[in-house]
Structures are given as C-alpha cells and as structure tokens.
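# Examining the three-dimensional arrangement
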Amino acid sequence: MRKFLVKLMFALMVVALLPVQVAQACSAFIVGKDLTTDGSMLFGRTEDYPYAPDGGRHNKTYEVVPAKDYKDGDMLEDESNGFAYPHLSHEMKYTATYDAAHGDGSNGNFGAHGFNEAGVSMTSTVSATPHDKILEADPLVKNGLAEAAMVDLVLPRVKTAREGIELVAKVLDEKGSAEGNIIVVADKNELWYMEILSGHQYVAIKFPQDRYAIFANTYYLGHVDLTDKENVIASKDVEKIAKKADHYKTDKDGKFHIADSYGPDEYTERNRSRTYAGITLMDPKADVKYDDKHFDLLRKPTDPSKKYSLEDVFAEQRNRFEHLKQYTPDDLVEPGKEVDTNKYKYALGNENVINAHVYQIKKDLPTPFGGVVWLGLAQSRNTPYVPFYGIVNDTYAPFKVRSAKYDPTSWYWAVWHIDQMVMKYPDLFGNSIQEKWKEMEEGWIKEQAALDQKYSGLTDDQAKATADEVTSDSLKRAETIFKQIKQVESEMEDKIRTEKGLEADFVYDGYNKANLVAAAQAEKDASKETDKKEETDKKEETASSQSSSKASDSNSSLSAVLGVLALAGFGLAGFYFKKSKKNENEE
C-alpha cells in the first residue's frame, strides 16, 4: 500500500508539472569574438531538468533532421500545447538535441539547440517568468509558441541569424507566446539575443562583439534604443503594455528599463546564485555583489587584455562554487537535513543538468559548416565536451538511443551513470573524472583546430561536397570516444566492487539529491497516510465491534424475554391442561 501511495504521489506531481514542464532551471552565456582567444563567437547553455522523481535523469538524443518537402496544409505541430504553424514547401536539414521521448505525444520535442545547413545556429530556451501585472495586461497564450517547438520552427527555415529573430517575432505577433523565454541565434557574422517578455511582447538585440553575458531564468535587458532598427527588433507595444500594466520602470536616467518592467520584483535565489557565480568566475574583479538588485547583461572584463577560451566556458558550465568558498552546491545537502540557504546555493554545474553545449562560431569556416558544437550530454560537472561540425549528415548510434532508463548502449546514460557514481562515492573518485575529461579535451581542441584550418579555405560548394567525409570522420571519432567513456564507466564499477563490496550500490537508479528528498518526503507522506488510514480503519472496526456487541446484547435480551414468555406460556398451558384433566376426572 505504501509503495502504491508513493507511486501515486509521484504520478500526481508529474501530472501537475506537465503544463509547465519547460527547462525552468537553465543558464547560458555569450562571449563576443573580440573577447575570445581565437576570434570565434562563443555561446552555450546548460539545460536543466529539475522535476522529481526524474530530476537530472532525462535522456537527450543528438540527431540530424534531413531536409524535407511538404505539401500545402502540412503543419508543424507541438504536441506539448497544440501550437501549429504551416510548413514551407521545402525545409532545410538541421541538427537538434531532442528529449528522447519526442514524438510520442507525451511532452513535446524540446530540440534544445542545433545548426542548419545555412550555417545558422541557436539555443532555446532559457525560460523566464514575466511579472504578474504584465501577464494581466498581456497574458501568455496557451497554444502559442513554446520552447518545445522553437528549434523545429526556426532552424529549417532561416538563412541568417537576423531572419531567425524576425521569424520568431512574426510568429509571436500572429500566435503569441505560451511562455516567457530567452533565445540565442547566430551565424558566422553576428549573434542575436532575444527576450520573450509576455504573450506578445519581445525585444531582441544584436549582441556587441566586445561584451560577454551570463544569464539564468529571468530577464536582464536594461534600457534599449528601440528606434535602432539595425541592432534592435522589438514588438511595437512593448512600452505601451508596461504602462497598461502599471509596471513601467525606468533606470537612473529615467529611461525605460525592460527587465524591471517585465520581470519579477527581485531575482529568485537560483537565478542570483548562478548569475553571480558565472560573472565572478569570468571576471574575479567584477564590480558586483551577491545581493545586487541588477546584474547587467552586457559586460566587459575588468582586465582589458582578458581573452576567453573554450576551457574557460567549459569551466563556467561545470562551476560548483570552487572560486566562492563561502558557498556549497545545494545538491550536496543530505536528504532530510535542514538547508542553510546562506551556505547552500544552486550551482551552474548542478545535478539537474541533462544537456550542456558550447557553440564555437568561426568566421573562417565555410558557411555550410556553421561552426563547431562542443556537446556534453548529461551533467556538465562530469561530462566530456566532444566536438562536431554543423555540416554532418548523421550522428553516432549511441546518441540516438531513446530509452527512458539506464541503457549501456546510450551515450547519455553512460555519462549520466558515470556522474552518479562520482556523486555517490566522492571518497573514491573526487575530481578525478572531470580531470580525465579535461585532459582529453585538451587533445580534442588541438585536433579540432587542425581540422578547422584544413577546411577554412573552401568555398561553400566545396564545403558541401565534404559533408560525407566530415560525417564519416565524426562517426569514427565518436566511436573512439564512446569506447573510452565505457572504459571509464567499467573501471569505476570495478573500483566500487573492490572498495565497497559486491553488494554496493552501483547507482543505476541515480543519485540526484532532489529526487531523494522528494522520495523521502513522499515516503513520509505516504507513511502518514497509511497510519491515518490504519487509525481510521481501527476506529471503524471498534465502532463496528461495539455496534455488533450492542446488537448481540439486544438480541440476547430479546431472546431471554421471549424465553421467559415462552416458559410462562408453557407453564400456563400446563396449568390449564392439568386443571382441565382434573375437571374431566371429577365429572
């Protein structure tokens, strides 16, 4: 019974989350090309899945969606909320990193990020919550554009980053948005950052190449020159709606402030901790304090000579407050223990990450290549970042395994399992796995630079002709790396057997603290329900017993009375019978 109640409570929790099961704990970064060591644009995101009982345990697949022709009336349909939009007669090939359950009718595709054949890349989305007053003035649209369909809407259709933003803006004008979101779209020439602020309001900016940005699940844009049509794309009523909502806010200079007007009154703790950690990691001397009202989106490093590398942004996504000793990741709290929120904070490299990625956009690469995605499936704290060009025609088979539970043939599940063993047995593994990946990444970065140089002089037509060659090389590299991942997994299991015994937990069910806390609470609540039911049953049983006893006593009394009456009757009958007989004899 108790197990049934636990399962029932989890089922109810999941059902309750379905309408809003977007990636509500993501974080992202952008680094302009003027601030990188090799002149490339860098951007990326960690996709977090914090929903118990499967927080951090949510398979993602890396796939190529082939180009396709459509008939009139064919529609892109989002199974998560009913959004629909007409397909083009021809749509381009693109890559996507889907939820493994995509297409089964359960919760939408959630393509997350990818390249298309025109060299456009994007990540979507970092979810954000509009202010309540804003939502009264411009409500979200139930079947509007949502995160789940964003990649499948944009990447097959657009040939530049600006076109991507313009398409989203057009759809928002026509259909509205189902959620508050932030997206990033790039090509080899420019990168755009867009905040979707309410049902029909949005602002996008061409990102300046001499700035970097760290952002989590809230809005960050301050004042933006809405008349600058070259560098800004915005809904026409963005100021009007803020005024209508009686939530029009200005900066110290009296100019319209977007985040203050459309966002919550203050940052949530999770957004504050990750933004602050990212900024102070990228720029230790940054003039910021943990409790600042605002963290500016567009930032310059304090040191004007500072340049950022791939290793720097990998470290940002893996960060667990190593540089902020006063804080500890909250996924290290023991289930059932009180949490000191002054000490325990939500880290960038947390237990709920299911997909980390870094996009490296290099101007010298031919447009069809798009650039390089450094893909880190599962938790960023213990995943290897592996490079792939956007031009590939196929992906390695272990990237396409769609199982909902641990599967040894799956790339996602193998890395997930490695992370779970690290977190279950820190005394055995410490930081050794992350250090192993860093050493391997150093070699991959050098190999990738050599490949970039090999392909950098090609025309677009020549580049397209290399697609099969690039794909073949990519599959071979992925196979080699997956064998190394499986070797690490096997060695870790052997070490657990040796050090902890054959009966040790090999963590195939996961070691996510939030899940354990939820399970413990569900078990506790189920126990209370069981005890309550047993107490109710006992009371009902006692009441029934007492009722039966009373009925029995009543029946006994009635029987006694009837017995006495019967005896009296028999006695009287006998008396009259004897008297009658006597009279007969006397006669």
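Residues numbered from 1 in each chain as written. Predicted model: local features only at pLDDT ≥ 70, side-chain atom pairs only at ≥ 80, totals over all residues. Heavy atoms only, no water.

## Thoughts on the sheet that holds strand S9 (residues 113–115)
In plain terms, the rule: We treat two strands as partners when DSSP finds at least two bridges between them. Strands are runs of DSSP state E lasting at least two residues, helices are runs of H or I lasting at least four, and both sets are numbered from the N terminus onward. A fitted line through C-alpha atoms serves as each axis, taken over the contacting stretch for helices, and the angle formed by two N-to-C directions is quoted from 0 to 180°. Two residues form a contact once any of their heavy atoms are found within 4.5 Å.
Spatially, S9-S10-S11-S12-S13-S15 is the arrangement adopted by the 6 strands of the open sheet, whose pairing is antiparallel. Of all strands in the sheet, those with a lone pairing partner are S9 and strand S15 (232–234), marking the two edges. The average undirected angle you get between the axes of adjacent strands in this sheet is 15°. Bridge analysis of S9 against strand S10 (residues 121–128) gives 3 bridges, and the strand direction is antiparallel. Across the sheet, Gly-114 pairs through a bridge with Met-122, a residue of S10. Against the sheet, helix H3 (residues 147–154) touches S9, S10, strand S11 (180–186) and strand S12 (191–196), its axis set at about 160° to S10. Sheet contacts for helix H4 (residues 161–175): S11, S12, strand S13 (202–206) and S15; angle to S12, the most-contacted strand, approximately 15°.

## Side note on the pattern of salt bridges
Any two side chains of opposite charge can pair, given that their charged atoms come close. Threshold: Basic side-chain nitrogens of Lys or Arg form a salt bridge, by our definition, when they fall within 4 Å of a carboxyl oxygen of Asp or Glu. The cut-offs for exposure are 20% and 50% of the maximum accessible area for each residue type, with area from a 1.4 Å probe on protein chains only; residues under the lower value are buried, those over the upper are exposed, and the others partly exposed.
Summed over the entire model, instances satisfying the criterion amount to 29 salt bridges. Put simply, Asp-38 and Lys-362 hold a salt bridge, and the shortest N to O gap is 3.8 Å. Here Asp-38 is found in the loop between strand S1 (27–31) and strand S2 (41–48), whereas its partner Lys-362 is found in the loop between strand S18 (353–361) and strand S19 (372–377), with 324 residues between them in sequence. On the basis of relative accessible area, Asp-38 is assigned to the partly exposed category, the value being 38%. Taking relative accessible area as the criterion, Lys-362 reaches 17% and is therefore assigned buried. Put simply, Lys-252 and Asp-253 hold a salt bridge, and the shortest N to O gap is 3.8 Å. We classify Lys-252 as exposed; its relative accessible area is 78%.

## Section: the packing of helix H7 (residues 269–282) against helix H8 (residues 310–318)
Our working rule: Here is the rule for angles: anything less than 35 degrees is roughly parallel, anything more than 145 is roughly antiparallel, 65 through 115 is roughly perpendicular, and the remaining ranges are oblique. The crossing is said to be left-handed when, going from far helix to near helix, the turn is anticlockwise and less than a right angle, and right-handed when the turn is clockwise. Three categories are distinguished: nonpolar for Ala, Val, Leu, Ile, Met, Phe, Trp, Tyr, Cys and Pro, charged for Asp, Glu, Lys and Arg, and polar for the others, with Gly belonging to the last.
Viewed as axis vectors pointing N to C, H7 and H8 meet at an angle of 150°, and their least axial separation amounts to 10 Å. One element, H7, and the other, H8, form an angle in the roughly antiparallel class. The handedness of the crossing between H7 and H8 comes out as right-handed. Here H7 contributes Gly-278, Leu-281 and Met-282 to the contact with H8, which in turn contributes Val-313, Ala-315 and Glu-316. Tallied by class, the residues present in the contact of H7 with H8 amount to 4 nonpolar, 1 polar and 1 charged.

## Concerning the packing of H3 against H4
Contact geometry for H3 and H4: axes closest at 11 Å, N-to-C directions at 130°. When the axes of H3 and H4 are compared, the pair comes out oblique. The interaxial crossing formed by H3 with H4 has right-handed handedness. Residue-level inspection shows Met-150, Leu-153 and Val-154 of H3 in contact with H4, the latter providing Gly-164, Leu-167, Val-168 and Val-171.

## Here we look at the side chain of Thr-97
Tracing the backbone through its elements, the reader meets Thr-97 in strand S8 (residues 94–99). Sequence-distant contacts of Thr-97, that is, excluding residues within four places in its chain, are made with Lys-60, Thr-61, Tyr-62, Phe-110, Gly-111, Ala-112, His-113, Asn-355, Leu-375 and Leu-377.

## A few points about the nonpolar core
Most often, soluble globular proteins have nonpolar side chains that are buried together. For clarity, the threshold we go by: Working definition of a nonpolar core: buried Ala, Val, Leu, Ile, Met, Phe, Trp, Tyr and Cys residues. They are joined through side-chain atoms within 4.5 Å.
Ranked by internal contacts, the top residues of the largest apolar core, which has 120 residues, are Tyr-193, Phe-215 and Trp-411. If one sorts the elements of this core by residue count, helix H9 (residues 411–424) sits on top with 10 residues. Ranked by size, the runner-up nonpolar core spans 32 residues in total, among them Val-65, Tyr-98, Ala-161 and Tyr-202.

## Considerations on H9
At 3.6 residues per turn, the α-helix brings residues three or four places apart onto the same side. The condition that has to hold: Expected span of a helix, by definition, is 1.5 Å for each gap between consecutive residues, and there is one gap fewer than residues. Any pair of N or O atoms that falls within 3.5 Å is considered a polar contact. Within protein, one atom must be able to donate a hydrogen and the other to accept it, and sequence-neighbouring residues count only if both atoms are side-chain atoms.
Taking 1.5 Å of rise per residue, 14 residues should cover 20 Å, and H9 covers 20 Å from first to last C-alpha, within 8% of that figure. Counting buried residues along H9, 13 of its 14 residues qualify, which places the element largely inside the surrounding structure. Put simply, Ser-410 is the residue that caps the front of H9, since its side-chain oxygen is 3.3 Å from the backbone nitrogen of Tyr-412.

## Topic: the confidence of the model for the protein chain
For residues with low pLDDT, the predicted coordinates do not support detailed interpretation. Our working definition: Each residue carries a pLDDT score, the predictor's confidence in it, ranging from 0 to 100.
Mean pLDDT over the protein chain: 89, with 87% of residues reaching 70 or higher. Confidence drops under pLDDT 50 across residues 1–21; counting only partners more than four residues distant or on other chains, this segment forms 33 contacts. Taken together, the stretch residues 548–587 has pLDDT below 50 and engages in 0 contacts with residues farther than four places along the chain or on a different chain.

## Quick notes on the sheet that holds S18
In spatial order, the strands read S14-S1-S2-S18-S19-S20; together these 6 strands make up an open sheet with antiparallel pairing. Both edges of this open sheet fall to strand S14 (212–215) and strand S20 (386–389), since each of them pairs with a single strand only. The average angle at which neighbouring strand axes cross in this sheet is 15°, direction not considered. Here S1 pairs with S2 via 5 bridges, running antiparallel. Looking across to S2, one finds that Phe-29 is bridged to Gly-44. Lying on the sheet, H7 is in contact with S1, S2 and S14; it crosses S14 at an angle near 155°.

## Some points on the packing of aromatic side chains
Going by this rule: Between rings of Phe, Tyr and Trp, where Trp is taken as its six-membered ring, a pair exists when centres lie within 6.5 Å; planes separated by under 30 degrees are stacked, by over 60 edge-to-face, and by other angles tilted.
Counting across every chain of the model gives 28 aromatic pairs. For the pair Tyr-389 and Tyr-455, a centre-to-centre distance of 5.9 Å together with 85° between the ring planes defines the contact as edge-to-face. Of the two residues, Tyr-389 sits in strand S20 while Tyr-455 sits in helix H11 (residues 432–455), which places them 66 residues apart along the sequence. For the residue pair Tyr-389 and Tyr-455, the accessibility class agrees, reading buried in each case. Judged by centre distance (4.8 Å) and plane angle (55°), the ring pair of Tyr-406 and Tyr-508 falls under tilted. A residue pair is termed long-range when its members are at least 10 positions apart, and Tyr-406 in the loop between S20 and H9 and Tyr-508 in the loop between helix H13 (467–500) and helix H14 (513–586) qualify at 102 residues. The exposure class of Tyr-508 is partly exposed, given its relative accessible area of 36%. The structure contains a cluster of three or more aromatic residues connected by ring pairs, namely Tyr-220, Tyr-267, Tyr-276, Tyr-290, Phe-295, Phe-321 and Tyr-327.

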